[in-house]
Amino acid sequence: QVQVVVSGGGKVQPGGSLKLSCVASPTVPIRFRLYGMGWYRQAPGKELELVAGITSGEITRYADFVKGRFTISRDNTKNTVFLQMNNLQPEDTAVYYCKGDSSGLIRDPVDFVNWGQGTLVTVSS
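Rules and cut-offs
Residues numbered from 1 in each chain as written. Predicted model: local features only at pLDDT ≥ 70, side-chain atom pairs only at ≥ 80, totals over all residues. Heavy atoms only, no water. Phe/Tyr/Trp six-rings, centres within 6.5 Å; stacked < 30°, edge-to-face > 60°. Helix = DSSP H or I, 4+ residues; strand = E, 2+ residues; numbered from the N terminus. Buried < 20%, exposed > 50% of the residue type's maximum accessible area, 1.4 Å probe, protein only. Lys NZ or Arg CZ within 6 Å of the ring centre and 35° of its normal. 1 Å grid on protein atoms, 1.4 Å probe; cavity = no way out; pocket = protein on both sides within 12 Å on 5 of 7 lines; lining within 4 Å. Points joined across faces, edges and corners; volume = space filled by probe spheres on them. Nonpolar A, V, L, I, M, F, W, Y, C, P; charged D, E, K, R; others polar. Pairing = 2+ DSSP bridges. Axes fitted to C-alpha atoms, helices over the stretch in contact; angles between N-to-C directions.

(A) A look at the packing of aromatic side chains. All told, the structure shown has four aromatic pairs when counted by the stated rule. Plain terms: the ring middles of Y40 and W115 are 5.2 Å apart, the flat faces sit at 75° to each other, and that makes the pair edge-to-face. Taken as a pair, Y40 in strand 4 (residues 36-42) and W115 in the loop between strand 9 (94-101) and strand 10 (119-123) lie far apart in primary sequence, 75 residues in all. The same class applies to Y40 as to W115, namely buried. Given the relative accessible area of 15%, W115 is considered buried. Ring pairing ties together the aromatic residues Y40, Y97, F112 and W115, which thus form one cluster. Positioned over the ring face of F32 is R74, at 4.8 Å from the centre of the ring. A cation over an aromatic ring shows up here: K99 above the ring of W115, its NZ or CZ 5.7 Å from the ring centre.

Okay, structure coming up:
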């Protein structure tokens, strides 16, 4: 796995936008491009779920509930993954986490044990 620092959360009104950032620190920095990265979230009282992921080959995958609203991207020169979130809704309120896997694939939440610190996104009027 890879150590990450996430940022960009906050409170926004319905219909608003936020951009999350995830800066990764793999054991060997130049290997970040080989990692599959994903954004996950956990809403109060709910289980962790995959929001969006991007493989080492930059193939993306989105949960149905964010398609057309969220965009995941990566900048391998900065070891960073982004999640642009548009048209946010109250049901998007959750703690958002970023995780990576050296397989280059997008992993499901059950594949991870330790989640570390996420960033809170609150959508409320």
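(B) Representation of the layout of surface pockets within the structure. Taken as a whole, the largest pocket spans an internal volume of roughly 210 Å³. Lining the largest pocket are 15 residues, with Q3, V4, W115, G116 and Q117 positioned closest to its centre. If you list the elements that add at least two residues to the lining of the largest pocket, you get strand 1 (3-7) and strand 9. Class assignment for the residues of the lining of the largest pocket results in seven nonpolar, seven polar and one charged.

(C) Focus on the sheet that holds strand 4. Taken in spatial order, the six strands make up an open sheet running 2-10-9-4-5-6, and their pairing is mixed. A strand with exactly one partner marks an edge of an open sheet, and here the two such strands are strand 2 (10-12) and strand 6 (60-62). Sheet twist, expressed as the average angle between the axes of neighbouring strands with direction ignored, equals 25°. The pairing of strand 5 (residues 49-54) with strand 6 spans three bridges and is antiparallel.

(D) Representation of the pairing of strand 4 in the model. Along strand 4, six of the seven residues are buried, which leaves the element largely enclosed by surrounding structure. Pairing between strand 4 and strand 9: seven bridges, direction antiparallel. Residue pairing in the sheet places G36 in a bridge with D101 of strand 9. One ladder, built from five bridges, connects strand 4 with strand 5; its direction is antiparallel. When the sheet's bridge partners are listed, Y40 is paired in strand 5 with L50. Adjacent in sequence and paired antiparallel, strand 4 and strand 5 are bridged by six residues, among which G45 carries a positive phi angle near 75°.

(E) Looking closely at the sheet that holds strand 1. Reading across the sheet, the four strands line up as 1-3-8-7 and stay open at both edges, with antiparallel pairing between neighbours. The sheet is open, and its two edges are formed by strand 1 and strand 7 (70-75), each paired on a single side. This sheet shows a mean twist of 15° between the axes of neighbouring strands, independent of strand direction. One ladder, built from six bridges, connects strand 3 (residues 18-25) with strand 8 (residues 80-85); its direction is antiparallel.

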